[in-house]
Amino acid sequence: TLIWNLGMQLTSPFLNLYLVTDLGGTMAMVGWVAASASLTALLTQRWLGAWIDRRGNIFVQGLLSFVIVTLPFAWLFATAAWQIVIVNAFGGIVWAGYN
């Protein structure tokens, strides 16, 4: 868990830099990216709570931990800044379920 979290936390600040410098995003786009994760997390928590109640905490965290690791790699396939909003929206759902 230490290595997994360290890897995720070390890469995350550079993703916004990549969004602005390489994908042509603006500072407003960085805000939309952050907001998309929070919004989708809020909208899906009720459904995720019911899913976790049915499947169990250990199963859901174990499954979603493998999905979370793939989120930074999804940035490699983005060719435009707006695509990152979709990636982060999906990330908001996954992180809400994991937490």
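Description of the structure in this document.

Rules of the game
Residues numbered from 1 in each chain as written. Predicted model: local features only at pLDDT ≥ 70, side-chain atom pairs only at ≥ 80, totals over all residues. Heavy atoms only, no water. 1 Å grid on protein atoms, 1.4 Å probe; cavity = no way out; pocket = protein on both sides within 12 Å on 5 of 7 lines; lining within 4 Å. Points joined across faces, edges and corners; volume = space filled by probe spheres on them. Helix = DSSP H or I, 4+ residues; strand = E, 2+ residues; numbered from the N terminus. Nonpolar A, V, L, I, M, F, W, Y, C, P; charged D, E, K, R; others polar. Polar contact = N/O pair within 3.5 Å; in protein donor to acceptor, adjacent residues only side chain to side chain. Contact = heavy atoms within 4.5 Å. Expected span 1.5 Å × (residues − 1). Core = buried A, V, L, I, M, F, W, Y, C linked by side-chain atoms within 4.5 Å. Buried < 20%, exposed > 50% of the residue type's maximum accessible area, 1.4 Å probe, protein only.

### A look at the layout of surface pockets
Its boundaries defined by the atoms lining it, the largest pocket holds a volume of some 420 Å³. Lining of the largest pocket is provided by 18 residues; of these, Ser12, Leu15, Trp75, Asn88 and Trp95 occupy positions nearest its centre. Elements represented by at least two residues in the lining of the largest pocket include exactly α1 (2–21), α2 (27–55), α3 (57–74) and α4 (81–98). The element best represented in the lining of the largest pocket is α1, accounting for six residues. The residue makeup of the lining of the largest pocket, split by class, is 11 nonpolar, seven polar and no charged.

### Some remarks on the side chain of Ser36
Looking at the secondary structure, you find Ser36 in helix α2. From its side chain, Ser36 meets the backbone oxygen of Val33 in a polar contact 2.7 Å long. Ser36 has contacts with Val85, Asn88 and Ala89, leaving out every residue within four places of it along the chain.

### Observations regarding α3
When the terminal C-alpha atoms of α3 are compared, their 26 Å separation across 18 residues agrees well with the 26 Å that a helix rising 1.5 Å per residue should span. On its buried side, α3 packs onto α1, α2 and α4.

### A closer look at the nonpolar core
Of all hydrophobic cores here, the largest spans 12 residues; its members are Trp4, Met8, Ala41, Leu48, Trp51, Ile52, Val60, Leu64, Ile68, Val94, Ala96 and Tyr98. Contributions of two or more residues to this core are made by α1, α2, α3 and α4. The element contributing the most residues to this core is α2, with four residues. Every residue in contact with Met8, bar those within four places of it in the chain, is listed here: Ile68, Val69, Pro72 and Trp95. The next biggest cluster of nonpolar side chains, apart from the first, holds 11 residues, and it includes Leu19, Leu23, Ala78 and Val87.

### Brief notes about the environment of Thr44
Tracing the backbone shows Thr44 in helix α2. With a relative accessible area of 17%, Thr44 lands in the buried category. Once the C-alpha coordinates of Thr44 and Val67 are considered, the two residues, 23 residues apart in sequence, prove to be 16 Å apart.

### Re the environment of Ala89
One can find Ala89 in helix α4. Between the C-alpha atoms of Ala89 and Ser38, which are 51 residues apart in sequence, the distance is 7.8 Å. Not counting residues up to four positions away in its chain, the partners in contact with Ala89 are Ser36, Ala37 and Thr40.

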